Every structure is written in structure tokens, then in C-alpha cells.
Amino acid sequence: MAEGVLSPGVNLEAFSQAIAAIQALRSSVTRVFDCLKDGMRNKETLEGREKGFVAAFQESLHSVSRDLGELERLSNLVGKPSENHPLHNSGLLSLDPVQDKTPLYSQLLQAYKWSNKLQYHAGLASGLLNQQSLKRSANQMGVSAKRRPKAQPTTLVLPPQYVDDVISRIDRMFPEMSIQLSRPNGTSAMLLVTLGKVLKVIVVMRSLFIDRTIVKGYNENVHTEDGKLDIWSKSNYQVFQKVTDHATTALLHYQLPQMPDVVVRSFMTWLRSYIKLFQAPCQRCGKFLQDGLPPTWRDFRTLEAFHDTCRQ
Amino acid sequence: MEPETFLDHEMVFLLKGQQASPFVLRARRSMDKGGMPWHLRYLGQPEIGDKNRHALVRNCVDIATSDNLTDFLVEMGFRMDHEFVAKGHVFRKGIMKIMVYKIFRILMPGNTESIEPLSLSYLVELNVVAPAGQDVVSDDMRNFAEQLKPLVHLEKIDPKRLM
Amino acid sequence: MGVTCVAQVPVAEGKSVQQTVELLTRKLELLGAEKQGTFCVDCETYHTAASTIGSQGQTGKLMYVMHNSEYPLSCFALFENGPCLIADANFDILMVKLKGFFQNAKANKIESRGTRYQYCDFLVKVGTVTMGPSARGISVEVEYGPCVIANDCWNLLMEFMQSFMGSHAPGVPSVFGTKHDSVYGPADTMVQYMELFNKIRKQQQVPVAGIR
């Protein structure tokens, strides 16, 4: 490990000689420039002036090359630091003979192992989490965002015509569900979904991603006084406040950043199961009411009705 | 307030008892504005009053109702006497209401689409709904009527002389 | 408004009307229902005046004019098995004008008064039905606000009513049968009250234990 390093004594001597050589080199270089700066000193004859200058310049250049040669010789004596050690210069810590008093080196190795392991596990976890990601749009994928090609965020800038098409196809899919699309604020669409005579849902979209959803009763007002869709106020009925919470959960459950249209369709299919909100008893306890509320939860896969507290 | 246009369908219902005069109720609905309640109106006999009062006065009860009004009146024993369509403008000045409209005859009973005007002239009606005994408002009415001359001669007349 | 069911609760054996009402409201309060003021539903009966009978070929039909504190500006006019007109309060003045044709049977005026309770999305009104000076029975009205189709939530309503009325929970109100999937409205509630009041009037002669 320490082969390239000379014994400490010699090493130190060579170092001090080398430092002295550097100082000598510096002073001789300074002299060269001093000589150039001063130029030709005032002598009786022009000839004498030139001769004196050239002689002085030559002399100082010689001393520079001599000092440089000396420095090169000494630097070979000093030797190179080891380059193949995995911990680079910190590997030199292992040379400390008093291990017991300063266990720096073993601590350093331990820390190095830890950080290696941490990086490895973080990599595995990030791979797993990306499969089950709760982030709903492709451009929010955290670490990987930098590496992703620029084309990714296009799912957020789909042409309004495409969004209209997807929505109207879903509208036609379910006869008991009617979807009204409007764009009161620029390109983002807002949907007013009326499900039979059971409930109304306000859906705020960003491109084809559902941003927010509010569920209200069929007989409740969904517009503000100036006739716009009221996307802020909640339902007056506890049952629809509960369904609103579940619908928000569903938004996080149904997501597939590469195919936003499938997500909207899955969400609407799930929402449609509320057509029997007041008619379906709980699949677990068999009752209609629990704490005054009907089964407000619908299983994401089977669409079966459960009370909030009866779901698995 | 801005003048408005209106298009109303009015049906006049009678309830006959053993008394000499039948009980008359008017059921009116807007044909051009959806979601409005039906309007049921009772009008009493016009009272001429004396020279100091410049308008005819009659009792009036206005009721807003649901849209099954005609069925209900029939159930009560009323029968429809006649119907017409009124189309025109309504202006307001304070509590005064001025209506300028044409009356249309309904050619086929029940079909308010096929109508023809009764006359080329417009009817001008000026009325105020006020609590009983407030005859002073008739002064305002006369003052306003003066402004319309010579285009319109709005005068207090005795309707009995026309019958 | 939502779907409403109006029912009569018989007076408990050996108890007065007032005691039975207290029994019911205590059960509601135990369930977690909160008191929210009072309510009143009244009903006046009008006879078709004898003068019009014959000339119109009408039988002596009865017309009911009702009010409900839940709709303080409205007036409901009904015929049995006939249409229900919803009008504003001026309809009462018209009935005064019509007194030559329709006569108010003042002795038949009947009303239900009591307390209004809220439980979750349910509104429950327990009332004492009085005719003249005497208490005649108990009415219970249960409204489920979120739903507008009567038949959709009947089972749910039923389960709730059983939770505090026990075996006295009623059967399906007859107005539900004609609704199919049309939206339930305030007039449907008034028809139920009219039917309940008519039933109670007929029970007039039957002595009920504990009536004061």
C-alpha cells in the first residue's frame, strides 16, 4: 500500500530541499523580470550599455534553468502519492500507527459501507415505488424527471378537441350518466356529471387529468349566483360529503400517467356505481344505514357497496 | 327599470252558482319565459267613484301558483270561458305599470301557436296596485296620462256604458 | 327537499298522547338526533256550497287548504285523489272572496304541532295532532334530504324509522306508488298529511285510551 512513499525522514528532507529550490527558482525568475524591467542602464557608450544588458540577462536566464533543474531532481526524490487506493488520500489514514487512540480509518470504512448500502436500497425502493406511484402525471416522477425526454409533459398539453372527444365517448358509454363540458377559464375543462336522479359531480380537469371533484345532491345547486359552476362549496348533505372524500381517493387510485383517457374512463365507471347509492345495502353488514349514512364506499375493483367502516 | 317585452296566454274561467253573476278568475302564463309561476288573478267589479278620483278602482287578488292551475280550477268547478294571447311591452314608472300590447285571438282552442291579431291597434293600459283607499295615486296616473296626449288619450270611462 | 314519509303512531297503552310523544322524542335524542325548533302543519276543510251542486253536476266534494311551516310563504290546496295546487299566501284571501261557493268547515280545522329533529341527513318531525281543543293523535314525519326519488330510498327510510318507531313503522305511503321515478316534491308531503288527517278525523268516535 505505502510502497510509493519514502520513509518519513528522507521524505521530509527532500521536501524541505524542494521547497528551498522552489524559493530559489522564484527569486531567479523575479530577477529575469527585474532585469527586463530596468532595461539598459545609463553607461558611457551605447555599445557598453547593450553589452552590459545582454550579459546580465544571460546570467539570470542561466540561473533560472539551473534552479529548475535542481527542482526537478528533488521532485523525483519526494515521490508520488499513491493513486490506486480506493479511498484515495484518505487511505493514508490506515498508516496511522496508533489505531486504538484514533480509530478514524475503521470508522471511515464503516461509513463508506453504509452509504453504499443506502444508495443501493434507495435505488431498489425508487424502482418499486415508481410501479405503484401515487403521482398522477408523468412529469412529476421525481428523480427520473431529469432523465426523461422532453416529450413527456405532452399529456398535459393535449389539444382541447382530443379532450372533448374522450369525454363525449365516455358520455355515450353510460346512458344514465350525462356529462356537460365547459371551459369557463381558458383551456382547462370542467365537467358537470349528472348521474341519474341521484347526484351531480363537478369535475375540474387539467388536460385529461382530473384535478378536483365535488359530489352534490341531485336537488342541490351547483352554480354560483353569477351562473358559473361552483367548484368550491361542498354539499349540504353528509352523505355527499362522504362520497366526495371517496371520489378524491379514487382519483389517486385510478392513475396511469401514460394513458390519461383510460384513467378518466375507469373513474367514471367507478362513479357510475353510485346510481344505487340509496338502494344498495352494505355487502358486509347487510344494512342500509350506519350512523345515519348509507353505504358510501364502492370497491375500486368489484364496485360493491360498503359502509365506510365496513370496507376491508 | 328597463322596459320588457312579454308574451302571455290568458284563460278566463267562470264559476256559476245560483247567483246572478258568475265568479270570474283569470289564469295567465308566460309563453316566452320558462320557469315562471302561473298567475291567478281575481278582479272585482269596477267602481267609478266620484269626480275627484281619476281612475277606475277595483278589488284585485294576485296569486302565484304551480303549473297545474287549470286542472285545479276545473276540479273546483270552474270552466273556461275564453282565452287569448297578449303580446307587447311593459314599462314601469315607480309603482305605475304601463302596458302596451296587442290581443290575439286563438284560432284553434288550446293551440297558442296559431293566433291572429284582434285588431291592428295597440291597447294601452295604465294601472297601479295599491292598498284600498289610497285614491291619491290616481292623481299621479292622470298626470302621467296627460304626458301621452295627443298620441294616446287615456281617460277614465264607465265600462258599463260600453256593454 | 328530499323524500318524506308521514305516519301515524298509535298512543302507547296506558299512556297519554303527550307521554307517547315524549317517549318517541327521547328515543330520537338517544339516537343522537338534535332538536331544531318547532313545526306546524294545518289543514282547513271547505265544502262546496250547496248552491253550486246540481248546476254543475258536482257531488259535494271537499277541498282542503293547508299550510306548512317548512314553506311559510306557500299555501297548498288539495282535493282527495285530485291535483294539489301550490300557491302563495294570497290564496287564503281568494278563499274569502269565494265564500259564496266554498264554505269553511271551521270545526274541522285540524293541525299537527311539535318539534323538529335533525339526525345526519334525516329530518324528523314529531307532532301532536289536534282538532279543536282536543289532542287526537301523533304524527311522525321523516324526511331524507339527499334523495329525490321516493322508491330509491324507501328501504333506507324504513330501516331508519324502525330504529326509533319499532313495529309502528308504516308501510309504503300511497303517494310513492304513483311517483315512479319522478322527483318527489312538497305537494307529495301535503297529500300524506291530508290522508293522515282524514284518517284521524274518522277515528274521532273510537275511544282511545289515555286521550286527554
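Quick caveat: nothing in here was measured; it's all calculated off a predicted structure.

Caption draft 1: Fine view of the interface of chain C and chain B. Every contact between the two is made by 23 residues of chain C and, on the other side, 20 residues of chain B. At the level of secondary structure, the elements contributing two or more residues to the side of chain C that touches chain B comprise β4 (74-79), β5 (84-88) and α2 (91-97) of chain C. Taken together, the residues that form the side of chain C that touches chain B break down as 12 nonpolar, nine polar and two charged.

Caption draft 2: Structural view of the confidence of the model for chain C. Residues and elements named next belong to chain C. When the pLDDT values of chain C are averaged, the result is 89; 91% of them are 70 or greater. In the predicted structure, residues 53-57 sits below a pLDDT of 50 and forms seven contacts with residues beyond four places in sequence or in another chain. Low pLDDT (under 50) marks residues 206-212, which in the prediction has 14 contacts with non-local residues, meaning those over four places away or in another chain. Here the predicted complex scores 0.75 on pTM and 0.88 on ipTM.

Caption draft 3: Structural detail: the interface of chain A and chain C. At the interface, 17 residues of chain A touch 17 residues of chain C. In terms of residues, the side of chain A that touches chain C owes the most to one element, helix α5 (residues 238-253) of chain A, which gives three residues.

Caption draft 4: Molecular detail of the domain arrangement of chain C. All names here are of chain C. Under the domain assignment, chain C is made up of domain 1 (3-40 + 111-204) and domain 2 (42-51 + 60-104). The distance between the C-alpha centroids of domain 1 and domain 2 comes to 23 Å. At the junction of the two partners, domain 1 supplies 10 residues and domain 2 supplies 12 residues. Elements supplying a minimum of two residues to the side of domain 1 that touches domain 2: β2 (34-48) and α5 (186-202). For the side of domain 1 that touches domain 2, the element with the most residues is α5, which contributes seven residues. Its residues assigned to classes, the side of domain 1 that touches domain 2 comprises nine nonpolar, no polar and one charged.

Caption draft 5: Looking closely at the sheet that holds strand β1 (residues 177-185) of chain A. Residues and elements named next belong to chain A. One open sheet accounts for four strands, arranged β1-β2-β3-β4; its pairing is antiparallel. What marks the edges here is a single partner per strand, and that holds for β1 and β4 (209-217). Strand after strand, the sheet turns through a mean of 20° between neighbouring axes, direction not considered. In the sheet, strand β2 (residues 188-195) pairs with strand β3 (residues 199-206) via six bridges, with the strands oriented antiparallel. Looking across to β3, one finds that Thr194 is bridged to Lys200. Against the sheet, α5 makes contact with β3 and β4, and its axis sits at roughly 165° relative to β4, the strand it touches most.

Cut-off values and rules
- Residues numbered from 1 in each chain as written.
- Chains lettered and ligands numbered in written order.
- Predicted model: local features only at pLDDT ≥ 70, side-chain atom pairs only at ≥ 80, totals over all residues.
- Contact = placed C-beta atoms within 7 Å.
- Helix = DSSP H or I, 4+ residues; strand = E, 2+ residues; numbered from the N terminus.
- Nonpolar A, V, L, I, M, F, W, Y, C, P; charged D, E, K, R; others polar.
- pLDDT = per-residue confidence, 0-100.
- Domains from an automatic or database assignment.
- Pairing = 2+ DSSP bridges.
- Axes fitted to C-alpha atoms, helices over the stretch in contact; angles between N-to-C directions.

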